[in-house]
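Report on the structure
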Amino acid sequence: MTSHPQWERHPTGDELLHVVDGALHLRILDGDTTTETEVGPGEVAVVPQGLWHSPQPVGEVTLLYVTPLGGSEISDDDDPR
């Protein structure tokens, strides 16, 4: 993938992100805290249930993700909290 909506969250469960190739810049909003990390090839990140997060590809990324069905929300607001 080369683009993604600004923010998403999954109220029904955690999301697993496995970067196969490329890199992903991941921001997670938890209360008043914003955590930012780079996820590279072969690395895995788990986004806790219900937290807004922004998985933005750095260039092009091949990503395997496991997301719970139903209830996912998307926002293009600067800050969806």
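If you're wondering where the values come from, they're calculated on a predicted model, not measured in any experiment.

Here we look at the side chain of S75
- Residue position: S75 is located in strand β6 (residues 73–75).
- For S75, a relative accessible area of 10% translates into the label buried.
- Here D77 takes part through its backbone nitrogen, which lies 3.1 Å from a polar atom of the side chain of S75.

Looking at the nonpolar core
- Among the nonpolar cores identified, the biggest contains 11 residues, and these are L17, V19, L24, L26, I28, V39, A45, V47, L51, V61 and L63.
- Mapped onto this core, the elements with two or more residues apiece are β2 (15–30), β4 (44–47) and β5 (53–66).
- In terms of residues, this core owes the most to one element, β2, which gives 5 residues.
- Each residue touching V47, except ones within four places of it in the same chain, is listed here: D14, E15, L17, L26, I28 and H53.

So, the environment of V66
- You can see V66 is positioned in strand β5.
- Each C-alpha atom of the pair V66 and V47 lies 10 Å from the other, and the pair is 19 residues apart in sequence.
- Apart from the residues within four sequence positions on either side, V66 is in contact with D14, E15 and L16.

What about the confidence of the model for the chain?
- The share of residues in the chain with pLDDT of 70 or more is 100%, and the mean pLDDT across the chain is 95.
- For the chain, per-element mean pLDDT is lowest for β6, which scores 94, and highest for β4, which scores 98.

Calculation rules
- Along each chain, the written sequence defines residue order, and numbers are assigned to residues from 1.
- Local features in a predicted model are, by the rule used here, given only for residues with pLDDT of at least 70; side-chain atom pairs are given and counted only at 80 or more, and totals for whole chains, interfaces and linings are based on all residues.
- To obtain the side-chain values, all non-hydrogen atoms of the structure were included, while hydrogens and water were left out.
- Where helices and strands are cited, they refer to DSSP runs of H or I of at least four residues and of E of at least two residues respectively, numbered from the N terminus.
- Each residue is placed in one exposure class: buried if its accessible area under a 1.4 Å probe, protein chains only, is under 20% of its type's maximum, exposed if it is over 50%, and partly exposed if it falls in between.
- Here a polar contact is recorded for every N or O atom pair within 3.5 Å, except that within protein the pair must consist of a potential hydrogen donor and a potential acceptor, and residues adjacent in sequence are included only if both atoms are side-chain atoms.
- Residues belong to a common nonpolar core when they are buried Ala, Val, Leu, Ile, Met, Phe, Trp, Tyr or Cys residues joined through side-chain atoms within 4.5 Å.
- We call two residues in contact whenever any of their non-hydrogen atoms come within 4.5 Å of each other.
- For every residue, the pLDDT score states the predictor's confidence, bounded by 0 at the bottom and 100 at the top.

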